[in-house]
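Overview (structure and organization)
Spelled out from the first residue to the last, the chains are:
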Amino acid sequence: MTTTAGPAQGDRRATYREVLAEPRFRLLFATRTVAVTADALRITTFSVLVYAATGSALLSALAFGIGFIPQLFGSLLLGSLADRLPPHALITGGYGLTCAAALLLALVRMPTVASLGVMALVALATPVFHGASSRLVAQSLQGDAYVLGRSLNNIAASGAQLFGLALGGAAVATLGPHRALAVSAALYLGCALATLMRLPRLRSEGFDGTHGRARGGDGAVRASLRGAVMLLRARTVRRLMLAQWLPPAFVAGAEGLIVAYAGGRHFAPGWYAVLMGCLPAGMLVGDLLMGRLLRPPARERLVVPLIALMGLPLIGFAAEPGTGVSSCLLLLCGFGFAYGLGLQRPFLDALPQHGQGQAFGLLGSGSMTLQGVGPACFGAVAVGIGTSGAIALAGGAAALTAGWMLTWHPPVSSPPAPTPL
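Let us look at the structure shown here. Bear in mind the structure is a predicted one, so any value in this text is a computation, not a measurement.

**Some words on the overall build of the chain**
Per the secondary structure count, the chain includes 20 helices and 0 strands. Looking at the chain as a whole, 52% of its 421 residues qualify as buried. For the chain, long-range pairs separated by at least 24 residues make up 86% of all intrachain contacts whose partners lie at least 6 apart in sequence. Surface exposure of the chain reaches about 17500 Å², of which carbon and sulfur atoms provide 68%.

Following this line, the structure appears as structure tokens:
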């Protein structure tokens, strides 16, 4: 495999065309975009299906979140497999597993508890597949091309998620929830076949190489737990993970209150959807501008200001603004998400060579879990101080994260962590 470039690659700015010219990344990018669309379709449709069967808002909400919460446990217990098994088998198997789960839910009438269990098992294994894919991207792209590759994935994921939500609503309305789940299964099947036929069968360093044999006696769970502990004990890795976990979690807490805020302010019907769309719209613009116009050092210098930009506009909700001002505040908040581009290179540089797959899996699963916890926490706060106050509090917490990062010594680009496995 191509080894990832370190800081010595310098400050040359890559282009999106250069990134998309890499065939391995292009395949992973295309299949992941389709899979994100299928994820949004599957999750929302499953939530509708559970509500139709039970009439329970609680179970419907649990059905929506069951695809996220178990991921952290999967990363802790199984994350090492992302480095120990061949990426071709893991990525293809991941799409195949999600296809089978969606097809099972579409064709078999199961008790609600059993269907929730199926979704939880898929979520448990998701960090392994995503970790293997992210590791392969890091090994396929060098220097700033890697950062722009992550940028493209973010942009495509935002658009695919919006499209998947819209497709889910249309599919449920025209086909019914079971057939809509079958549509998501077909999308996953397409991804599985594409990776099966076109992704090279590359050997994993931990599969049958020297490094893998040295630790071959370790079970997957023990190796995963030990690897996660070693990653989180490395100060630089831990800080960079928290920096990528906390601000989105706080913003997700605010985002979860937008519907209630719009209702409490008696906005016109449908305005809540416009407000919720402002965040991903700002994210798209921010990633495009930051990735296209700025050199790597400039992106890394703007990390703290952009995190502050995520939080400070939300504090403005304390004044209970109307639709126009609220939309602008949320657009600015979404633009601040581009801070993540400035952390990609320092984070990759800080990782051990043989633990990248697990690290990427832990990064993604931790972020997903905290973004699920955030709305619950700030929703509870809103009961006491109101939705506008809770949104402002979430913004203040994000801004405090920026202040915390100003205290970091040395800077984020530190030497790599020790090998965790």
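Let's pick the thread back up.
**Focus on a nonpolar patch on the surface**
Residues I69, F73, L77, V221 and L225 make up a contiguous nonpolar surface patch of about 420 Å² in total accessible area. Within the residue set of the nonpolar patch, elements represented by two or more residues are α4 (71–78) and α11 (220–233). Residue position: V221 is located in helix α11.

**Regarding the state of the cysteines**
On inspection of all chains with the given rule, the structure shows 0 disulfides. The structure places no disulfide on C328, whose sulfur is separated from the nearest cysteine sulfur, that of C278, by 7.9 Å. Here C328 falls in the partly exposed class, since its relative accessible area comes to 48%.

**Section: the packing of aromatic side chains**
Following the criterion strictly, the structure yields 6 aromatic pairs and no others. Centre to centre, the rings of Y261 and F267 are 5.9 Å apart; their planes meet at 80°, and the pair counts as edge-to-face. Just as Y261 is buried, F267 falls in that class too. With a centroid separation of 5.2 Å and 85° between ring planes, the pair formed by W404 and W408 is classed as edge-to-face. What makes W408 buried here is its relative accessible area of 7%. An aromatic cluster of at least three residues, connected via ring pairs, comprises Y261, F267 and F317.

**Here's the deal with the pattern of salt bridges**
This model, assessed by the stated rule, comprises 6 salt bridges. Across the pair R42 and D39 runs a salt bridge whose closest N-O atoms are separated by 3.4 Å. In this pair, R42 and D39 are both assigned in helix α2 (residues 23–54), 3 residues apart and thus about one turn of the helix distant. In this structure, R42 and D39 share a single accessibility class: buried. A salt bridge links E300 to R345; the nearest nitrogen and oxygen atoms lie 2.9 Å apart.

**With respect to the packing of α2 against helix α9 (residues 177–198)**
For any two helices packed against each other, one specifies the crossing angle of their axes together with the interaxial distance. At their nearest, the axes of α2 and α9 sit 9 Å apart, and the two run at 160° to each other. Viewed along their axes, α2 and α9 adopt a mutual orientation that is roughly antiparallel. Both α2 and α9 take part in a crossing whose hand is left-handed. Where α2 approaches α9, its residues L27, T31, V34, A35, T37, A38, D39, L41, R42, T45, F46 and L49 are matched on the opposing element by P177, H178, A180, L181, V183, S184, L187, Y188, C191, A194, T195 and R198. Considered class by class, the residues forming the contact of α2 with α9 number 15 nonpolar, 6 polar and 3 charged.

**Thoughts on helix α14 (residues 271–293)**
Helical geometry: 3.6 residues make up each α-helical turn, so side chains three or four residues apart lie on a common side. Look at α14: 33 Å from first C-alpha to last across 23 residues, which is about the 33 Å you get at 1.5 Å a residue. Most pronounced at C278, the bend in α14 amounts to some 25°, and the proline P280 follows within four residues.

**Quick notes on the environment of C99**
Secondary-structure assignment places C99 in helix α6 (residues 87–107). Classification of C99 by relative accessible area gives buried; the value is 11%. Along the chain, C99 and V183 lie 84 residues apart, while their C-alpha atoms are 9.8 Å from each other. Ignoring sequence-local partners within four residues, the contact set of C99 consists of A185, Y188 and L189.

**Quick notes on the side chain of S327**
Position of S327 relative to the elements: it lies in helix α17 (residues 323–335). Setting aside its immediate chain neighbours within four residues, S327 contacts W271, L275 and C278.

**Quick look at helix α19 (residues 356–385)**
In a regular helix each residue adds 1.5 Å, so 30 residues correspond to 44 Å; α19 covers 42 Å between its end C-alpha atoms and thus fits that length. Of the residues one or two after α19, G386 is the one with positive phi, at around 90°.

What counts as what
- All residue numbers here refer to positions counted from 1 along the written sequence of the relevant chain.
- Restriction of local features to residues with pLDDT of at least 70 applies here, the model being predicted, together with a cutoff of 80 or more for giving and counting side-chain atom pairs; totals for whole chains, interfaces and linings are based on all residues.
- Side-chain descriptors were evaluated using all non-hydrogen atoms of the structure, hydrogens and water having been removed beforehand.
- Strands here mean DSSP runs of E at least two residues long; helices mean DSSP runs of H or I at least four residues long; both are numbered from the N terminus.
- The buried label goes to any residue with under 20% of its type's maximum accessible area, the exposed label to any with over 50%, and the partly exposed label to all in between, with areas taken from a 1.4 Å probe on protein chains only.
- Here a residue-residue contact requires only that any non-hydrogen atoms of the pair lie within 4.5 Å.
- In this description, accessible areas are obtained by the Shrake-Rupley approach with a 1.4 Å probe, and a residue is regarded as covered only by the protein chains that are shown.
- Any residue with relative accessible area above 30% and no salt bridge may belong to a patch, with like charges joined within 9 Å and the nonpolar Val, Leu, Ile, Met, Phe, Trp and Tyr side chains within 5 Å.
- We count a salt bridge whenever a side-chain nitrogen from Lys or Arg sits within 4 Å of a carboxyl oxygen from Asp or Glu.
- Criterion for a disulfide: a pair of cysteine sulfur atoms at a distance within 2.5 Å.
- Any two rings among Phe, Tyr and Trp, with Trp reduced to its six-membered ring, count as a pair given centres within 6.5 Å; such a pair is stacked if its planes are under 30 degrees apart, edge-to-face if over 60, and tilted if neither.
- Lines are fitted to the C-alpha atoms to define the axes, a helix being fitted only along its stretch in contact, and any angle between axes, read from their N-to-C directions, falls within 0 to 180 degrees.
- Roughly parallel here means an angle under 35 degrees, roughly antiparallel means over 145, roughly perpendicular means 65 to 115, and every remaining angle is called oblique.
- Crossings are sorted by hand: turned counterclockwise from the far helix by less than a right angle, the near helix makes the crossing left-handed, and turned clockwise it makes it right-handed.
- For this scheme, ten residues count as nonpolar: Ala, Val, Leu, Ile, Met, Phe, Trp, Tyr, Cys and Pro. Four count as charged, namely Asp, Glu, Lys and Arg, and the remainder, Gly too, count as polar.
- By definition here, a helix of n residues has an expected span of 1.5 Å times n minus one.
- The term bend refers to the angle at a residue between two fitted axes, each drawn through seven residues, those ending there and those starting there.

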